[in-house]
Amino acid sequence: MVSVGTESQFIQSICAIVVKGHWECLLKPKFGSFLSSRNIQQLLLQLSLYNCGPSISWSFFKWSESSIPNYKHSLQSTWTMVHILTDYKHFKTAQDLLEKIAYKDFLSSPSVLRALLRTHFDPDVNSQVLSWLVIFYANSKMTQEAIQVFEHMRGHGFSLHLHACTVLLNSLVKERLTDTVWKIHKQMVRAGIVANIHVYNVLIHACCKSGDVEKAEKLLSEMELNGVFPDLFTYNTLISLYCKKGMHYEALCVQDRMERGGISPDIVTYNALIYGFCKEGRMREAVRLLKEIKGAEPNHVTYTTVIDGYCRANDLDEALRLRELMEAKGLSPGVVTYNTILRKLCAESRIKDANKLLNEMSGKNIEPDNITCNTLINAYCKIGDMRSALKVKNKMLQAGLKFDQFTYKALIHGFCKVREMESAKEILYDMLSAGLSPSYCTYSWIVDGYCNQDNKEAIVGIPNDFVTRGLCIDLSVYRALIRRLCKREKTDCAQRIFSIMQEKGLSGDSIIYTSLALAYWKAGNANAASDMFDEMYKRRLMINLKIYSSFNASYAGDNVLDIFWNHATERRIMSKSLLKEVHR
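A brief structural summary. (Residues numbered from 1 in each chain as written. Predicted model: local features only at pLDDT ≥ 70, side-chain atom pairs only at ≥ 80, totals over all residues. Heavy atoms only, no water.)

Let us now look at the overall build of the protein. What the protein contains, in helices and strands, is 35 helices and 0 strands. In terms of overall dimensions, the protein is more spread out than a globule: its C-alpha atoms have a radius of gyration of 33 Å, far above the 25 Å expected for 584 residues. If one aligns the C-alpha atoms of the protein with their principal axes, the spans along those axes are about 95 × 70 × 55 Å. For the protein, contacts bridging at least 24 residues in sequence account for 63% of all contacts bridging at least 6. Accessible area for the protein stands at about 29700 Å²; split by element, carbon and sulfur atoms hold 51% of it. In the protein, the 72 positive side-chain charges and the 60 negative ones have mean positions that sit 2 Å from each other. (Helix = DSSP H or I, 4+ residues; strand = E, 2+ residues; numbered from the N terminus. Rg over C-alpha atoms; globule rule 2.2 N^0.38 Å. Contact = heavy atoms within 4.5 Å. Areas by Shrake-Rupley, 256 points an atom, 1.4 Å probe, with all protein chains shown as cover. Lys, Arg positive; Asp, Glu negative; His and termini not counted. Charge placed at Lys NZ, Arg CZ, Asp CG, Glu CD.)

Dropping the structure here:
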């Protein structure tokens, strides 16, 4: 056997041994050393020709990896097995095998796909396998990988399966990648794929996520032209979109249209309509609709929405009455319902009542979540009770809850309010160590706190503290500190931080230079302001509409601002688009 001349003869001989069932012979050294991954790949193809099915190939595929010493299937041999199973319509087994290699072998890489697809030339089988790959990656939230496979299929002329496209679009909508949704949809249309109700529903859902009423209405018209009839999901999504936009008349028209079309509203329909009324504070209409629900039963979402509406309308008594009615109907309030009431109690500084509500939650074994804890922490911080705020923070840790942006911001604001600046700064560094980015207002509280203590050195020392603690300090930190110091008219301190930034090799951006220029201008130092303008012009840093609007809002009512903008215009550092907008 070993002396057989050609590789093909060797494969044929091994194939005969496998078909006869003498597999143990292949474990002998004189055979085993010749069973390479390439040979087994060829062997699997040969075996699939026997009995016109994949059963022998599949059995040998599983046996070879478990029985042949030191042997592991290569990507190519596994891909071959997937093709064989697909070719013979053993789809579930093929999909399961494909998913095992999809994670570890970078199948979305164009170079890998090209290499694999060259080994098998059946376009239908390749299209099917690649479509499964798109579905698997999309469902696994590996969106970029799914897009790569989709692009490879489109670029190499493989048929795009409708179901795979639908799943991909849906995953993009869930991740709010709306621009990519329309790009993929355009490619589908170019490829000749005819959208069905599922595709249209995904696209209308994308419109709902982005708040694009006009595009949703165009899609509905397109559906009618193409003979695709809207279903309950279509109508519910449209109603939700209209209600979010405050377009109640249009939402009610959709409800009327769906009923005339023989589609009965469900509780999702009613919940969307009730939410729309509550959002606008139209509680009378919301409660009337709650009482008029037919063909569906109000659920937790229904009652919680109305309770939240009452809280926002400053009618806590009615909210509590409705919670009692909810329980009488056999619906136990969950953490979301309690959070709604808790938020209102804390907003009214009714901390004792808030604690009673917490005890009630505990008695009903309802676990507080991040929103519960953040609401309490924020309430304690507002009244300067930092000891109680820290107790809640420690309880969050014990419960396994993770701090988020709101937790840190509330604590920083609270410590700044009671002028415990070192504690505020420690929380800031904890926030950064957790991988969260503080906003401009967070740094503003720190700057304001130290300015109120007339402790400029502490502010100037912040960049050095970052380095000492091993934290990365980027331009956004310097920008926030300089901008706030300029707003506080602490120009000398802002200039010192600007100098530290430059020593670190960082160049200022338009906001930093504009902040410093305006601060100098207000201080009567026109020469220093001109130097800032010169540097901006030299580096082609322009004042755009966003910066212009932000400064106008921040310095509203300041008479110096108009003269400052005129000077900036003369120095040609206002963007063309901004000048057009200002002129208009």
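What follows is about unusual backbone geometry. Most peptide bonds take the trans configuration, and most residues that are not glycine carry a negative phi. We note that K89 has phi near 65°; this positive angle belongs to a residue other than glycine. A positive phi angle, close to 60°, is found at E489, a residue other than glycine. Note that E489 resides in the loop between α29 (475–487) and α30 (491–503). E489 gets classed as exposed once you look at its relative accessible area, which sits at 55%. (Buried < 20%, exposed > 50% of the residue type's maximum accessible area, 1.4 Å probe, protein only.)

Among the nonpolar cores identified, the biggest contains 200 residues, and L107 and I543 are the most heavily contacted of them. Of all the elements, helix α8 (residues 123–139) adds the most residues to this core, at 10 residues. Each residue touching I543, except ones within four places of it in the same chain, is listed here: T514, M536, Y548, W565, A568, I573, M574, S575 and L578. (Core = buried A, V, L, I, M, F, W, Y, C linked by side-chain atoms within 4.5 Å.)

What follows is about the packing of helix α18 (residues 300–312) against helix α20 (residues 335–347). Running from amino to carboxyl end, α18 crosses α20 at an angle of 5°, the nearest separation of the two axes being 9 Å. Put simply, α18 runs roughly parallel to α20. Contacts between α18 and α20 pair T304, I307, D308, C311 and R312 from the former with V336, T337, T340, I341, R343 and K344 from the latter. Of the residues in the contact of α18 with α20, the class split is 4 nonpolar, 3 polar and 4 charged. (Axes fitted to C-alpha atoms, helices over the stretch in contact; angles between N-to-C directions. Parallel < 35°, antiparallel > 145°, perpendicular 65-115°, else oblique. Nonpolar A, V, L, I, M, F, W, Y, C, P; charged D, E, K, R; others polar.)

What follows deals with the pattern of salt bridges. Scanning all chains against the criterion turns up 26 salt bridges. The closest approach of N and O atoms between K364 and E327, which form a salt bridge, is 2.5 Å. Separated by 37 residues along the polypeptide, K364 in the loop between α21 (351–363) and α22 (370–382) and E327 in helix α19 (residues 316–328) bring together distant segments of the chain. It is possible to trace a salt-bridge network through shared partners that takes in R323, E327, E360 and K364. (Salt bridge = Lys/Arg side-chain N within 4 Å of Asp/Glu carboxyl O.)

Further remarks concern helix α12 (residues 197–210). Owing to its 3.6 residues per turn, the α-helix aligns residues three or four sequence positions apart on the same side. Relative to the 20 Å expected for 14 residues at 1.5 Å per residue, α12 spans 20 Å between its end C-alpha atoms, a close match to the ideal helical length. Of all 14 residues making up α12, 10 are buried, and the element is well covered by its neighbours. Among the residues making up α12, those that are buried are I197, V199, Y200, N201, V202, L203, I204, A206, C207 and C208. Taken together, the buried residues of α12 touch α10 (162–174), α11 (178–190), α13 (213–225) and α14 (232–244). Trailing α12 by a residue or two, G211 shows a phi angle of about 70°, which is positive. (Expected span 1.5 Å × (residues − 1).)

For helix α32 (residues 526–538), built from 13 residues, the straight-helix expectation of 18 Å at 1.5 Å per residue is met to within 8% by its first-to-last C-alpha distance of 18 Å. Looking at the buried positions of α32, the neighbouring elements they touch are α30, α31 (510–522) and α34 (560–570).

You can see H73 is positioned in the loop between α4 (55–67) and α5 (75–87). For H73, the side chain forms a polar contact with the main-chain oxygen of F61, separated by 2.7 Å. At 3.2 Å, the side chain of H73 forms a polar contact with the side chain of S64. Those residues in contact with H73, other than ones at most four positions away along the chain, are I40, F61, S64, E65 and T78. (Polar contact = N/O pair within 3.5 Å; in protein donor to acceptor, adjacent residues only side chain to side chain.)

Each pocket or cavity is described by its volume, and for the largest pocket that value is around 470 Å³. Forming the walls of the largest pocket are 19 residues, and the residues nearest its centre are L358, S362, P368, L376 and K395. Sorting the residues of the lining of the largest pocket by element identifies α21, α22 and α23 (386–398) as the ones contributing at least two each. Classifying every residue of the lining of the largest pocket by side-chain character gives 11 nonpolar, 5 polar and 3 charged. Looking at the second largest pocket, its volume works out to about 390 Å³. N374, T375, N378, F406 and A410 are the residues nearest the centre of the second largest pocket, which is lined by 18 residues in total. Looking at the lining of the second largest pocket, the elements with two or more residues in it are α20, α22 and α24 (405–417). By residue number, the principal contributor to the lining of the second largest pocket is α22, which donates 8 residues. Of the residues belonging to the lining of the second largest pocket, the class tally is 8 nonpolar, 6 polar and 4 charged. (1 Å grid on protein atoms, 1.4 Å probe; cavity = no way out; pocket = protein on both sides within 12 Å on 5 of 7 lines; lining within 4 Å. Points joined across faces, edges and corners; volume = space filled by probe spheres on them.)

This brings us to the packing of aromatic side chains. For the structure shown, the criterion picks out 13 aromatic pairs. Aromatic side chains W58 and F61 sit 5.7 Å apart centroid to centroid with 15° between the ring planes, which places their arrangement in the stacked category. Residue W58 and its partner F61 are both found in helix α4; the two are separated by 3 residues, about one turn of the helix. A residue is classified by how much of its surface remains accessible, and F61, at 6% relative accessible area, is buried. Taking 5.5 Å as the distance between ring centres and 80° as the angle between the ring planes, the aromatic pair formed by F498 and Y513 counts as edge-to-face. Of the two residues, F498 is situated in helix α30 and Y513 in helix α31; the sequence distance between them amounts to 15 residues. For the pair shown, F498 and Y513 are each scored as buried. (Phe/Tyr/Trp six-rings, centres within 6.5 Å; stacked < 30°, edge-to-face > 60°.)

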